[in-house]
Amino acid sequence: MSREETASERVPETFEAYAETTDEARFTDWLRERSQPDWDAATTHRFTRELGADELDDEVFRRYLVQDYAFLETLVGLVGHAVGDAPTMAAKSQLTEFLGTLTADENDYFERSFEALGVPPETYTDPDLTPTTMAMEDLLERAAREGGYAETLAVFVPAEWIYREWATAVANESPSRFYLAEWIELHAVEDFQAVVGWLRDELDREGAAASPQRRRRLERLFRRTVSLEVAFFDAAYDSDEESATGDANVPRGEK
């Protein structure tokens, strides 16, 4: 029996069934539990543990950061799409504020970190993308293009929530290298914690109002995002990017 089958047996297959067995059931809690064991693999990954312990090899972090910077542009586009689809002006305002963080604070961090790590501009402005990065970009773009606000949230929420979880777990660590310490801080500060909490509330509401068929679609998007986050961390340790195949980074159950 696979780990995925074990997880599926442990957690009800539908949100309706989950709500019957759980007090004050949250749609996002059900999605997280349905994404096991990949959720735990992402939030306690070797990469995040070594980062917090100041044991992460600079070359590993360089590879990771170049790919993450490439992914940032797609993420900004996703948030911009969500602004247009958001059902209220309050939601549009919240997303617009977060968009400013991505394009200002995080972008500044990337530029300073690349300089410190000796990464030339031509490398991070026009990188060779790994299969995992391409798969993640494709997932986000298709969720926004083919779905609505709920589908966008279904990929956005796990991408941000995972970072809140691992960063919170190592928040008391103090790496000596600023680019490691600040990467933790960016995702462990109260403002980011609050944004993720708000995003969860938005997806909880959208999921509760969705049809059973749409909930299944949201679950698939959420689970695939979590699986790709694991693969993204894994890829940072692969120095021979060209040796990776598409299948190697296809999420389990998606081939």
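Naming follows an unreviewed UniProt entry, where the protein chain appears as Transcriptional regulator of Halogeometricum borinquense.

1. Thoughts on the pattern of salt bridges
Taken as a whole and assessed by the stated rule, the structure comprises 21 salt bridges. Its salt-bridge partner being Glu182, residue Arg112 comes within 2.6 Å of it at the nearest N-O pair. A residue pair is termed long-range when its members are at least 10 positions apart, and Arg112 in helix 7 (residues 89-117) and Glu182 in helix 11 (residues 178-188) qualify at 70 residues. The network of salt bridges with common partners includes Arg26, Asp201 and Asp204.

2. A word on helix 12 (residues 190-209)
In a regular helix each residue adds 1.5 Å, so 20 residues correspond to 28 Å; helix 12 covers 29 Å between its end C-alpha atoms and thus fits that length. Contact partners of the buried residues in helix 12: helix 3 (27-34), helix 7, helix 10 (149-169), helix 11 and helix 13 (212-235).

3. Thoughts on empty space enclosed by the protein
Here the idea is plain: a probe the size of a water molecule rolls over the atoms and shows the empty space left. Per the counting criterion, the structure on display carries 2 cavities of 30 Å³ or more. Its volume calculated, the largest cavity comes out at about 150 Å³. Forming the walls of the largest cavity are 13 residues, and the residues nearest its centre are Asp68, Phe71, Leu75, Glu160 and Tyr163. Listed by contribution, the elements that provide at least two residues to the lining of the largest cavity are helix 6 (58-85), helix 7, helix 10 and helix 11. Counting residues per element, the lining of the largest cavity draws most heavily on helix 6, which supplies 4 residues. Its residues assigned to classes, the lining of the largest cavity shows 8 nonpolar, 1 polar and 4 charged.

Parameters and conventions
Residues numbered from 1 in each chain as written. Predicted model: local features only at pLDDT ≥ 70, side-chain atom pairs only at ≥ 80, totals over all residues. Heavy atoms only, no water. Salt bridge = Lys/Arg side-chain N within 4 Å of Asp/Glu carboxyl O. Helix = DSSP H or I, 4+ residues; strand = E, 2+ residues; numbered from the N terminus. Expected span 1.5 Å × (residues − 1). Contact = heavy atoms within 4.5 Å. 1 Å grid on protein atoms, 1.4 Å probe; cavity = no way out; pocket = protein on both sides within 12 Å on 5 of 7 lines; lining within 4 Å. Points joined across faces, edges and corners; volume = space filled by probe spheres on them. Nonpolar A, V, L, I, M, F, W, Y, C, P; charged D, E, K, R; others polar.

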